[in-house]
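Listed here are the chains, written in short residue letters.
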Amino acid sequence: MARIVLFDGTDLSHFTQLDGSPAQWKVENGAMTVTHGSIVSKETYGDAHIHVEWMEPDMPEATGQWKGNSGVYIHGCYELQVLDSYGVEPAKIDDCGAIYGIRAPRVNACKLALEWQTYDIYVRAARMNGDEIVEHAIVTILQNGQVIHNNFVLPRSNPGGVYDKVVAEGPLMLQDHGNPVSFRNIWIETL
């Protein structure tokens, strides 16, 4: 197993904008905050344990998809929703912890806005034969130490990522959805 530290609180050298230009997010106090465009890791991975910490902004007047929206794209093609869903019943496929548009989280494990939260994502990458999917990717995801997806088979990719199709290896993408969500302590351990 090799651990790749993508963000240690100092700089964005492991990320670019989607077009390959330097990442433009604000780095301050050991965190990076969404300011301009989605960013993507230069490194790619297949089977992995991915660790991401994030903090929702305090947006008391906002609701739904306008309240601290971002996303963590596994392999650049599967979106794990980031949203301020504290206290919301986990029944929607677009709330925090959802595989966006595909599956709601098993439980709502969200903390209040302005508290750091964690995702620990264990992914077994899709097995491919050229462009043909032989076996779909499988994920187990913990949010703040609670299992929110357990050995879930990812049936398809999500729109809006680096790729519009399933891939066996890809980068980590962090989504700009117009809200100042902060991230820190991001690493990938290849399995």
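These remarks concern the structure in this document. What you are looking at is a predicted structure, and each value in this text was computed from that prediction instead of being measured.

Thresholds applied
- Residues numbered from 1 in each chain as written.
- Predicted model: local features only at pLDDT ≥ 70, side-chain atom pairs only at ≥ 80, totals over all residues.
- Heavy atoms only, no water.
- Helix = DSSP H or I, 4+ residues; strand = E, 2+ residues; numbered from the N terminus.
- Rg over C-alpha atoms; globule rule 2.2 N^0.38 Å.
- Buried < 20%, exposed > 50% of the residue type's maximum accessible area, 1.4 Å probe, protein only.
- Contact = heavy atoms within 4.5 Å.
- Areas by Shrake-Rupley, 256 points an atom, 1.4 Å probe, with all protein chains shown as cover.
- Phe/Tyr/Trp six-rings, centres within 6.5 Å; stacked < 30°, edge-to-face > 60°.
- Lys NZ or Arg CZ within 6 Å of the ring centre and 35° of its normal.
- Core = buried A, V, L, I, M, F, W, Y, C linked by side-chain atoms within 4.5 Å.
- Salt bridge = Lys/Arg side-chain N within 4 Å of Asp/Glu carboxyl O.

1. Let's talk about the overall build of the chain
- If you tally the helices and strands in the chain, you get zero helices and 15 strands.
- Here the chain has a C-alpha radius of gyration of 15 Å; the compact-globule value for 191 residues is 16 Å, and the two agree.
- Considering only C-alpha atoms, the chain reaches an extent of 50 × 35 × 30 Å along its principal axes.
- Here the chain holds 191 residues, and the buried ones make up 52% of them.
- Taking as baseline every contact in the chain between residues at least 6 positions apart, the subset at least 24 positions apart corresponds to 63%.
- Approximately 8,600 Å² of the chain is accessible, and the part contributed by carbon and sulfur atoms is 49%.

2. What to know about the packing of aromatic side chains
- Scanning the model with the defined rule gives two aromatic pairs in all.
- Here the guanidinium or amino end of Arg3 rests over the ring plane of Trp187, the centre of that ring lying 3.6 Å away.

3. Re the nonpolar core
- By size, the foremost hydrophobic cluster in this structure holds 44 residues, and its most contacted members are Met32, Ile50, Val72, Tyr119 and Phe183.
- Per-element tally for this core: the top contributor is strand β6 (residues 48-55), with four residues.

4. Quick notes on the pattern of salt bridges
- Taken as a whole and judged by the stated rule, the model has seven salt bridges.
- Its salt-bridge partner being Glu189, residue Arg3 comes within 3.4 Å of it at the nearest N-O pair. In this pair, Arg3 is assigned in strand β1 (residues 3-7) and Glu189 in strand β15 (residues 182-190), connecting sequence segments 186 residues apart.
- Among the residues examined, Glu189 registers a relative accessible area of 16% and is labelled buried.
- Its salt-bridge partner being Arg127, residue Asp47 comes within 2.8 Å of it at the nearest N-O pair. Taken together, the residues span a long stretch of sequence, with Asp47 in the loop between β5 (39-45) and β6 and Arg127 in strand β10 (residues 127-129) at a distance of 80 residues.

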